[in-house]
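# Structural overview for review
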Amino acid sequence: IINACLLYRFCFSYEPRDFHGKLDEMPVAMRYGQIVDNMRRRHREWIWDAEFRDTQGARVLVQGEPLETYAVYRRSDGRRAVVFANMSDTKSIVCQVQLEEPSTSNLRWFSPEQPDPKTWSGTLEMAPGTAAAVVEA
């Protein structure tokens, strides 16, 4: 649920697995929520202050198939961020981001665990329950 809150700019809910988890999962949920919130604050111009565009302007693919858990944000200067998440509890995935009419070929990515922007290589392997963002730098 923390990743869903990140994607859709909701206030955080710290319920382990959206009320389907166990109480002993709470410390892990709290730690993850804190690093996601830190990333959201650090990159707020991309994923908090920007305009929420749902999925307009980009696609995220996993093995050529559309990923449903992503959101597009557009800053006032027109540059976009694509925030996406692996909502599986068990499977890793490899994501590819495609922007419609990109304003630059200089794309960067960051994640809650790696908040310093890095050059986007075109794909990202994501462990279960993780999130990331690709931005037009």
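Residues numbered from 1 in each chain as written. Predicted model: local features only at pLDDT ≥ 70, side-chain atom pairs only at ≥ 80, totals over all residues. Heavy atoms only, no water.

As a further point, take the pairing of strand S5 (residues 80-85). Taken across its six residues, S5 has six buried, putting it largely inside the fold. Linking two consecutive strands that pair antiparallel, namely strand S4 (residues 70-74) and S5, is a turn of five residues; a positive phi of about 90 degrees is found at Gly78 within it. Where S5 and strand S10 (residues 131-136) come together, five bridges link them in antiparallel fashion. Looking at the pairing, Ala85 lines up with Ala131 of S10. (Buried < 20%, exposed > 50% of the residue type's maximum accessible area, 1.4 Å probe, protein only. Helix = DSSP H or I, 4+ residues; strand = E, 2+ residues; numbered from the N terminus. Pairing = 2+ DSSP bridges.)

This brings us to the sheet that holds strand S6 (residues 93-99). The strands that make up a sheet are held in pairs by hydrogen bonds between backbone atoms, and each pair lies either parallel or antiparallel. Overall, antiparallel pairing links the four strands, which are arranged S3-S2-S6-S9 in an open sheet. The strands lining the two open edges of the sheet, one partner per strand, are strand S3 (65-66) and strand S9 (124-126). Here strand S2 (residues 58-62) pairs with S3 via two bridges, running antiparallel. Paired with Leu61 across the bridge in S3 is Pro66.

The strand order S1-S4-S5-S10-S7-S8 describes an open sheet built from six strands, whose pairing is antiparallel. Two strands in the sheet have a free side with no partner beyond their single neighbour: strand S1 (51-52) and strand S8 (118-119).

Once that is clear, we can look at the nonpolar core. Judged by nonpolar contacts, the single largest core of 21 residues is most densely connected at Ile2, Leu6, Val36, Ile47, Tyr73, Ala81 and Val83. Those elements that provide at least two residues to this core are helix H1 (2-7), helix H2 (26-42), helix H3 (44-47), S4, S5 and S10. In contact with Ile47, other than residues within four places in its own chain, are Leu6, Arg9, Met39, Arg40, Tyr73, Ala81 and Val83. Counting residues in each nonpolar core, the second largest holds 19 residues, with Ala58, Cys95, Val97 and Val134 among its members. (Core = buried A, V, L, I, M, F, W, Y, C linked by side-chain atoms within 4.5 Å. Contact = heavy atoms within 4.5 Å.)

A few words now on unusual backbone geometry. At Asp54, a position not held by glycine, the phi torsion is positive, near 55 degrees. Here Asp54 lies in the loop between S1 and S2. Here Gln63, not a glycine, exhibits a phi torsion of approximately 50 degrees, which is positive. Along the chain, the position of Gln63 falls in the loop between S2 and S3.

Applying the stated criterion across every chain, the model contains nine salt bridges. For Arg74, the salt bridge is made with Glu51, and the minimal N-O distance between the two is 2.8 Å. A residue pair is termed long-range when its members are at least 10 positions apart, and Arg74 in strand S4 and Glu51 in strand S1 qualify at 23 residues. Given the relative accessible area of 31%, Arg74 is considered partly exposed. The closest approach of N and O atoms between Asp77 and Arg79, which form a salt bridge, is 3.0 Å. Judged by relative accessible area, which is 24%, Arg79 ranks as partly exposed. Here the residues in one salt-bridge network are Asp37, Arg40 and Arg41, joined through shared partners. (Salt bridge = Lys/Arg side-chain N within 4 Å of Asp/Glu carboxyl O.)

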